[in-house]
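Below are the chains, spelled out letter by letter.
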Amino acid sequence: MLSYTDIPKVISVTLSLLNFTLGWLIFKSGMFYKPRPMKEVIDKGIRRFVIPFVIFSLIGESLMYIRYFSEEPTVAGAIIKGIKEASIALFAGGSLPGNLPLWFLLSLFGAKIIFSYCMNHRNYWLLACVLIVAPLDYISGLKLPYYLANTSSALAFYAMGYLLRDFKPRSHLTVILLTGLWLAIAIFMPTGIDMRNNACSTGNYFLWYPTTLVAILAINTLFRRYRITIRPMSHIGRNSMTYYVMHWPVILLVWHMWFLDTPHGTPWVAAVTLASLLLLPACNYLIRRSPIGKYV
């Protein structure tokens, strides 16, 4: 099965610099938190997170069955294998093999529900208990179902976003120091955390939260203070949900065409990059003009 650990080492430096991105997305969501009735939070979350999770998981799973049918001698065997792998992946990891990154949608949804409930009821003890799940999972080595730890981490960044929503330093020196600190940490003290399974591949796990926060504050300050606009990035930002839910199916498509057990090497990276540049904008165009476009 294709997994995050198959990403070639050639892009490890880039990953170090961009390791904050998932935390940043959650942080930005927390910045816009407003007290709302739980029913409204859940109803909106189902539309925004659960329905896209189901739709795009099914799209990814349809691509997985290309491999299952090529590997199994019978149709029944392929279907059984698909159901078995999907069940294990969903229970242990919170997403299906056909679209592994969609764990993020349910994790953020869970964080929103927990934070809203705790704030509405002023239940800060429950909030604290959930926040320590991820560090305890890492320390203990129990390797609980992934969604328990990554929802805990998501809650931490969501809460940080809410608490630091008005952070707008006016001094140019503060901006320079934040940016310099972020780049220095990424280059000289790289920390690689797979938020999905709460695993540390590089650096110190407990430095992940503060170093990610520094990166988030640096990026937010740069874009908000100086109103930096980069057209391609603005386009991706406006359509980030579509690109996020479709990038894994594109990778799977290249994987199936390549017929590899373990993707590796420069040609593989080049093929995935080219396919992403060509197919993701096309997918975005078609999805935005289809009935499922209202869910992204």
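Note: the structure precedes this text.
A quick note: this is a predicted structure, and the numbers were derived from the prediction, not measured.

Secondary structure assignment for the protein chain yields 13 helices and 2 strands. Looking at the 296 residues of the protein chain, the share that counts as buried comes to 45%. A fraction of 78% describes how many contacts in the protein chain between residues 6 or more apart in sequence connect residues 24 or more apart. Just so you have it, the protein chain exposes about 16100 Å², and 70% of that area is on carbon and sulfur atoms.

Bringing the pattern of salt bridges into the picture now. Considering all chains together, one arrives at 5 salt bridges under this definition. E71 is paired through a salt bridge with R67; the nearest N and O atoms lie 3.9 Å apart. Placement of both E71 and R67 in helix 3 (residues 38-71) is noted, with a separation of 4 residues, approximately one turn of the helix. Taking relative accessible area as the criterion, E71 reaches 37% and is therefore assigned partly exposed. For the salt bridge of E72 with K81, the shortest nitrogen-to-oxygen distance reads 3.9 Å. Members of the salt-bridge network, linked through shared partners, are R67, E71, E72 and K81.

We now examine the nonpolar core. By size, the foremost hydrophobic cluster in this structure holds 70 residues, and its most contacted members are I26, F56, L105, F115, F157 and Y209. The element that contributes the greatest number of residues to this core is helix 12 (residues 240-258), accounting for 11 residues. What Y209 contacts, discounting residues up to four positions off in sequence, is A134, P135, S153, A156, F157 and M160.

As for its placement among the helices and strands, T151 is situated in helix 8 (residues 146-163). The contacts of T151, once residues within four sequence positions are left out, are S107, G110, A111 and I114.

For the rest of this paragraph, the subject is a nonpolar patch on the surface. Together, I132, L136, Y138, I139 and F206 make up an exposed nonpolar region whose accessible area comes to about 480 Å². Topologically, F206 is positioned in the loop between strand 2 (199-202) and helix 10 (208-226). For F206, a relative accessible area of 42% corresponds to the partly exposed category.

Turning our attention to the packing of helix 2 (residues 21-31) against helix 8. Remark: helix 2 packs on helix 8, axes separated minimally by 6 Å, with the N-to-C direction vectors making an angle of 50°. What the angle tells us is that helix 2 and helix 8 run oblique. The interaxial crossing formed by helix 2 with helix 8 has right-handed handedness. Across the interface between the two elements, G23, I26, F27, S29, G30 and M31 of helix 2 pack against A154, F157, Y158, M160, G161 and Y162 of helix 8. Within the contact of helix 2 with helix 8, the residues separate by chemical class into 8 nonpolar, 4 polar and no charged.

Interaxial distance between helix 6 (residues 124-131) and helix 8 falls to 8 Å at its minimum, and their mutual angle equals 125°. In terms of orientation, helix 6 lies oblique with respect to helix 8. Listed contacts from helix 8 to L127, V130 and L131 of helix 6 are S152, L155 and A156. Each residue belonging to the contact of helix 6 with helix 8 can be placed in one class, and the counts come to 5 nonpolar, 1 polar and no charged.

What counts and what doesn't
Residues numbered from 1 in each chain as written. Predicted model: local features only at pLDDT ≥ 70, side-chain atom pairs only at ≥ 80, totals over all residues. Heavy atoms only, no water. Helix = DSSP H or I, 4+ residues; strand = E, 2+ residues; numbered from the N terminus. Buried < 20%, exposed > 50% of the residue type's maximum accessible area, 1.4 Å probe, protein only. Contact = heavy atoms within 4.5 Å. Areas by Shrake-Rupley, 256 points an atom, 1.4 Å probe, with all protein chains shown as cover. Salt bridge = Lys/Arg side-chain N within 4 Å of Asp/Glu carboxyl O. Core = buried A, V, L, I, M, F, W, Y, C linked by side-chain atoms within 4.5 Å. Patch = residues over 30% accessible without salt bridge, like charges linked within 9 Å, V, L, I, M, F, W, Y side chains within 5 Å. Axes fitted to C-alpha atoms, helices over the stretch in contact; angles between N-to-C directions. Parallel < 35°, antiparallel > 145°, perpendicular 65-115°, else oblique. Left-handed = near helix turned anticlockwise from the far one by under 90°. Nonpolar A, V, L, I, M, F, W, Y, C, P; charged D, E, K, R; others polar.

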